[in-house]
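Architecture and fold: a report
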Amino acid sequence: MELINNASLKDFTTFGVEAACDHLYRVEDYEELKLAVQYLERPLILGGGSNVLPIGDIHRNVLRIEMKGIHLLEDGDQPIIGVAAGEVWHDFVMWALRNDLGGVENLSLIPGTMGAAPMQNIGAYGVELESVFHSLQAIEIGTGKVRVFFKEECKFGYRDSIFKKEVKDKYVITGVNLQLTRDHKLNTTYGAIQDVLIEKGISHPTIHDVSDAVVSIRQSKLPDPKVIGNAGSFFKNPVIPTEQFEKIKEMHPSLPGYPAEVGLTKVPAGWLIEQSGWKGYRKGNAGCYEKQALVLVNHGGARGEEIWELAQDIISSVKDKFQIELNPEVNLWGNEK
Ligand SMILES: Cc1cc2nc3c(=O)[nH]c(=O)nc-3n(C[C@H](O)[C@H](O)[C@H](O)COP(=O)(O)OP(=O)(O)OC[C@H]3O[C@@H](n4cnc5c(N)ncnc54)[C@H](O)[C@@H]3O)c2cc1C
């Protein structure tokens, strides 16, 4: 385990905002992690830093999870693969493709680590982690007790899980078991995927074709954090009662909405933000991405406070115009003390 005192979180988050952290531990070893979570006071857990916005300097111990390993746990038509929390998510997707295992191709190129994937039930292009999730191992912070969480216990929802609610900050996830398929059932319902496949003249796509399509769509739409700091979608798409949706639609007839659970409608946050006039807006070093209003960006040298201030301005202007409350998808660090 490597300890970096007075570390700069700029180098460890994709937002690349300026923020110091008193003690950053890079953990590659399971037993060391087990000891660290028992003895360090209220540690914050960090993976690839692609869904975290540090607001101000962080006066906490930060444990960066870097344990590696991918193992076949159970073979068969639907093999179960055990993956260490520090594996890079996209590297795992590539591993699955190389081994002709399906189920995660739509989730290609999502940044971050395996250990963070269950936190918000990562999802993209019509597929969520939940659909391939089997179970995970975690260590309880404070006691060091090991616990297995099976799928039902994780309470997965839209960008949500038990780890963001009832047991928030109580566990560090050390490994995730995923159940993939040898008999592939492709999900190409997402319009943009179909468009790419048609454009390439592919009528019988493989998991590789779907992955390639997803990668090219993502590269054309989303800013590369290596070039411009960001954490993907800053806000979740609000899910509101359908009755409320219908009322707002009377005033804003072009308001898009998609059925969610019974009686609820999901509204695209990017549309609300764009209609409120924020797309391409820049104040100082913080901005709203010109190609996708849902993504807030660090044009270089921004601090987390600037990004958060912009986010709050967006939240209140969308609320004023549409009476809809936006909530951040990104995890805010530094609000808690
Ligand atoms: C360009 C871009 C595009 C993106 N696109 C998508 C997308 O399509 N779909 C999507 O769902 N997300 C997307 N994201 C968000 C991000 O990729 C995911 O949320 C990812 O799972 C975060 O992984 P991470 O390792 O970087 O987590 P971090 O940012 O390091 O951490 C995120 C949260 O998880 C906690 N955490 C991390 N690791 C562990 C662990 N081992 N145990 C317990 N808690 C842990 C942290 O404390 C924090 O609260 C995107 C981000 C970017 C920058």
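Rules of the game
- Residues numbered from 1 in each chain as written.
- Predicted model: local features only at pLDDT ≥ 70, side-chain atom pairs only at ≥ 80, totals over all residues.
- Near = placed C-beta within 6 Å.
- Helix = DSSP H or I, 4+ residues; strand = E, 2+ residues; numbered from the N terminus.
- Nonpolar A, V, L, I, M, F, W, Y, C, P; charged D, E, K, R; others polar.
- Pairing = 2+ DSSP bridges.
- Contact = placed C-beta atoms within 7 Å.
- Axes fitted to C-alpha atoms, helices over the stretch in contact; angles between N-to-C directions.
- Domains from an automatic or database assignment.
- Buried ≥ 20, exposed ≤ 12 C-beta atoms within 10 Å, placed from the backbone.

The full set close to the ligand counts 32 residues, and Gly 47, Gly 48, Gly 112, Gly 115 and Gly 232 are the nearest of them. Mapped onto the shell around the ligand, the elements with two or more residues apiece are strand 3 (44–46), strand 8 (123–124), strand 12 (171–179) and strand 13 (229–233). When the residues that make up the shell around the ligand are grouped by side-chain class, the tally is 18 nonpolar, 14 polar and no charged.

What follows covers the sheet that holds strand 15 (residues 258–259). What the 3 strands build is an open sheet, ordered 14-16-15; its pairing is antiparallel. Each edge of the open sheet carries a strand with a single partner, namely strand 14 (239–241) and strand 15. In this structure, strand 14 lies alongside strand 16 (residues 264–266), joined through 3 bridges in antiparallel fashion. Across the sheet, the residue bridging to Val 239 is Lys 266, located in strand 16. Helix 6 (residues 242–251) rests against strand 14 and strand 16 of the sheet, and its axis sits at about 90° to strand 14.

Segmenting the protein chain into domains produces domain 1 (2–65), domain 2 (70–179) and domain 3 (229–333). Centre-to-centre, using C-alpha coordinates, domain 1 lies 28 Å away from domain 3. Each side of the interface is counted separately: domain 1 has 15 residues, and domain 3 has 15 residues. If you tally residues by element for the side of domain 1 that touches domain 3, the top one is strand 4 (residues 52–54), at 3 residues. Split by residue class, the side of domain 1 that touches domain 3 holds 9 nonpolar, 5 polar and 1 charged.

Counting buried positions along strand 6 (residues 70–74) gives 0 out of 5 residues, so the element sits mostly on the surface. The pairing of strand 6 with strand 7 (residues 80–84) spans 4 bridges and is antiparallel. Within the sheet, the bridge partner assigned to Glu 74 lies in strand 7 and is Ile 80. Linking two consecutive strands that pair antiparallel, namely strand 6 and strand 7, is a turn of 5 residues; a positive phi of about 130° is found at Gly 76 within it.

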